[in-house]
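# Observations on chain architecture
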Amino acid sequence: MARVVVDVMLKPEILDPQGQAIARKLPQMGFEGVTGVRQGKRFEVELEGPADEAALEQVRKIAETLLANPVIENFEVFVE
């Protein structure tokens with residue numbers, strides 16, 4: 001059994017109001033020196049068998065069609 005991780009983040013040119021709200025709140029909570037925060041999603045996909053190239057390609061297709069919105073989000077697939 002293999003675990004493949006899909007990290008999904010908004011594209012850099014897309015505004016991230018949740019990340020901005022967190023960044024504004026941090027100094028009020030005593031956390032200094034943080035210049036920016038971006039919010040994202042992490043999916044862990046468990047596969048039968050090894051995480052070979054065919055399995056990774058299948059997870060990439062899952063990410064493209066279901067887990068991420070390719071218009072506004074980028075994603076990265078990797079084996080954990």
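Presented here is an overview of the structure given in this document. Because the structure is predicted, anything quoted here is derived from the model rather than measured. (Residues numbered from 1 in each chain as written. Predicted model: local features only at pLDDT ≥ 70, side-chain atom pairs only at ≥ 80, totals over all residues. Heavy atoms only, no water.)

Turning our attention to the sheet that holds strand β3 (residues 73-79). Two modes of strand pairing occur in sheets, parallel and antiparallel, and in both the strands are linked by backbone hydrogen bonds. Pairing is antiparallel across the open sheet formed by three strands, whose spatial order is β2-β1-β3. What marks the edges here is a single partner per strand, and that holds for β2 (40-47) and β3. Averaged over all adjacent pairs, the angle separating strand axes in this sheet is 20°, with direction ignored. Sheet topology note: the strand β1 (residues 2-10)/β3 ladder contains seven bridges and is antiparallel. Bridged to V5 within β3 is F78. With respect to the sheet, helix α2 (residues 53-67) is in contact with β1, β2 and β3, its orientation differing from that of β3 by roughly 155°. (Pairing = 2+ DSSP bridges. Helix = DSSP H or I, 4+ residues; strand = E, 2+ residues; numbered from the N terminus. Axes fitted to C-alpha atoms, helices over the stretch in contact; angles between N-to-C directions. Contact = heavy atoms within 4.5 Å.)

Next up on the list: the environment of E64. Relative to the assigned elements, E64 resides in helix α2. A residue is classified by how much of its surface remains accessible, and E64, at 44% relative accessible area, is partly exposed. Sequence-distant contacts of E64, that is, excluding residues within four places in its chain, are made with P70 and F75. (Buried < 20%, exposed > 50% of the residue type's maximum accessible area, 1.4 Å probe, protein only.)

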